[in-house]
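Given next are the chains, with one letter for each unit.
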Amino acid sequence: MTAGHVSRLRHAGWWMALVASLGLNVALAYRSRRLETERVVLEALRRQPQSGLQYPLFTAVTTAGDSATIGAAPPGVRQLLLVATRSCPYCTQTIPVWRDVLRQPPGSRTLRLQVYAIALDTVSLTRAHLDSLGLVVPVVRFPSRRLARLARATQTPQTIVLDDSGRVLFAHTGLFKTHASLDTLRGAIGLPTRGGPLRDA
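Source: prediction; values computed, not measured. (Residues numbered from 1 in each chain as written. Predicted model: local features only at pLDDT ≥ 70, side-chain atom pairs only at ≥ 80, totals over all residues. Heavy atoms only, no water.)

**Some details on a positive patch on the surface**
A cluster of basic residues, Arg141, Arg145, Arg146 and Arg149, forms a positive patch on the protein surface. When residues in the positive patch are grouped by element, the largest group, 3 residues, is from helix H4 (residues 145-150). With respect to the helices, strands and loops of the structure, arginine 149 is situated in helix H4. Judged by its relative accessible area of 56%, arginine 149 falls in the exposed class. (Patch = residues over 30% accessible without salt bridge, like charges linked within 9 Å, V, L, I, M, F, W, Y side chains within 5 Å. Areas by Shrake-Rupley, 256 points an atom, 1.4 Å probe, with all protein chains shown as cover. Salt bridge = Lys/Arg side-chain N within 4 Å of Asp/Glu carboxyl O. Lys, Arg positive; Asp, Glu negative; His and termini not counted. Charge placed at Lys NZ, Arg CZ, Asp CG, Glu CD. Helix = DSSP H or I, 4+ residues; strand = E, 2+ residues; numbered from the N terminus. Buried < 20%, exposed > 50% of the residue type's maximum accessible area, 1.4 Å probe, protein only.)

**As for the nonpolar core**
Nonpolar side chains in soluble globular proteins generally cluster together in the buried interior. By size, the foremost hydrophobic cluster in this structure holds 26 residues, and its most contacted members are Leu135 and Leu185. For this core, the secondary structure elements donating two or more residues are strand E3 (77-84), helix H2 (89-102), strand E4 (112-119), helix H3 (123-132) and helix H5 (179-188). No other element matches H2, which puts 6 residues into this core. In contact with leucine 135, other than residues within four places in its own chain, are Leu82, Ile95, Trp98, Arg99, Leu102 and Leu130. Core analysis: the second largest hydrophobic core is formed by 18 residues, Phe58, Ala60, Leu81 and Ile160 among them. (Core = buried A, V, L, I, M, F, W, Y, C linked by side-chain atoms within 4.5 Å. Contact = heavy atoms within 4.5 Å.)

**Some remarks on the packing of aromatic side chains**
Counting across every chain of the model gives 1 aromatic pair. Between phenylalanine 58 and phenylalanine 142, the ring centres sit 5.2 Å apart and the planes meet at 45 degrees, which makes this aromatic pair tilted. Residue phenylalanine 58 is located in strand E1 (residues 58-61), and its partner phenylalanine 142 is located in the loop between strand E5 (139-141) and H4; the two are separated by 84 residues in the primary sequence. With relative accessibility at 8%, the residue phenylalanine 142 sits in the buried group. (Phe/Tyr/Trp six-rings, centres within 6.5 Å; stacked < 30°, edge-to-face > 60°.)

**Quick word on unusual backbone geometry**
With an omega dihedral of -5 degrees, the bond running from threonine 156 to proline 157 counts as a cis peptide bond. Tracing the sequence through the fold places proline 157 in the loop between H4 and strand E6 (158-162). A positive phi is found at arginine 152, a non-glycine position, where the angle reads about 60 degrees.

**Here's the deal with the confidence of the model for the chain**
Mean pLDDT over the chain: 84, with 77% of residues reaching 70 or higher. With pLDDT under 50 throughout, residues 37-43 is counted as low confidence; its partners more than four residues away or in other chains account for 0 contacts. (pLDDT = per-residue confidence, 0-100.)

**Considerations on the pairing of strand E7 (residues 168-173)**
The pairing of E6 with E7 spans 5 bridges and is antiparallel. Note that in E7 the partner of leucine 162 across the bridge is valine 168. Taking the residues between adjacent antiparallel strands as the criterion, E6 and E7 are bridged by 5 residues, where glycine 166 takes a positive phi near 90 degrees. (Pairing = 2+ DSSP bridges.)

**Points about the pattern of salt bridges**
Here the idea is simple: oppositely charged side chains can pair when their charged atoms come close. Tallying each qualifying case throughout the model produces 3 salt bridges. Aspartate 100 is the partner of arginine 99 in a salt bridge, and the nearest nitrogen-oxygen pair spans 3.2 Å. A salt bridge links arginine 127 to aspartate 131, with the shortest nitrogen-to-oxygen separation between them at 3.1 Å. Of the two residues, arginine 127 and aspartate 131 are both situated in helix H3; the distance of 4 residues between them amounts to about one turn of the helix.

**Quick notes on the side chain of threonine 85**
Tracing the sequence through the fold places threonine 85 in the loop between E3 and H2. Among the polar contacts made by the side chain of threonine 85, one reaches the main-chain amide nitrogen of cysteine 88 at a distance of 3.3 Å. If sequence neighbours within four positions are ignored, threonine 85 has contacts with Cys91, Leu120, Asp121, Thr126 and Thr156. (Polar contact = N/O pair within 3.5 Å; in protein donor to acceptor, adjacent residues only side chain to side chain.)

This is the structure in structure tokens:
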């Protein structure tokens, strides 16, 4: 083998090593990005209510002056909690969806239901905003920020269904983008499912 052949082989070997090194770096970068994405998703889920969790129990006074117990209800009664703020644009888009779900003919629901909106800002402003969009429900507020954190009420809007012991049966954060998630909500509060595309709010 001549010196030229040896030189060419060494050159080829160097390029192969370089390509392998670049390929390894790309693979590691892709894996790192994927792990970071998974971490962000898991962290977001950790901050949101999830089915099976126990919702914190508290009492509050509604804007009408009535006492409300959140996280516990009479036997067989479920609670629908609508967590919102006046300044949240996604809440504004979701309120008509909540309104339409609750605007059902008498006898269409197979379960007894208590409905409360929970304001994360000024209760009176949230109440006025809900009223302006046709959703008239009792509005309360968390007694403390600590309790709001325990309830994982860090993002809005949140749609939560509890059983009579305060266990989360359904939890959805953000907009309803598919009829499947809306049908799951309807089933959780004893309404027949409909399917089909969502109407624009």
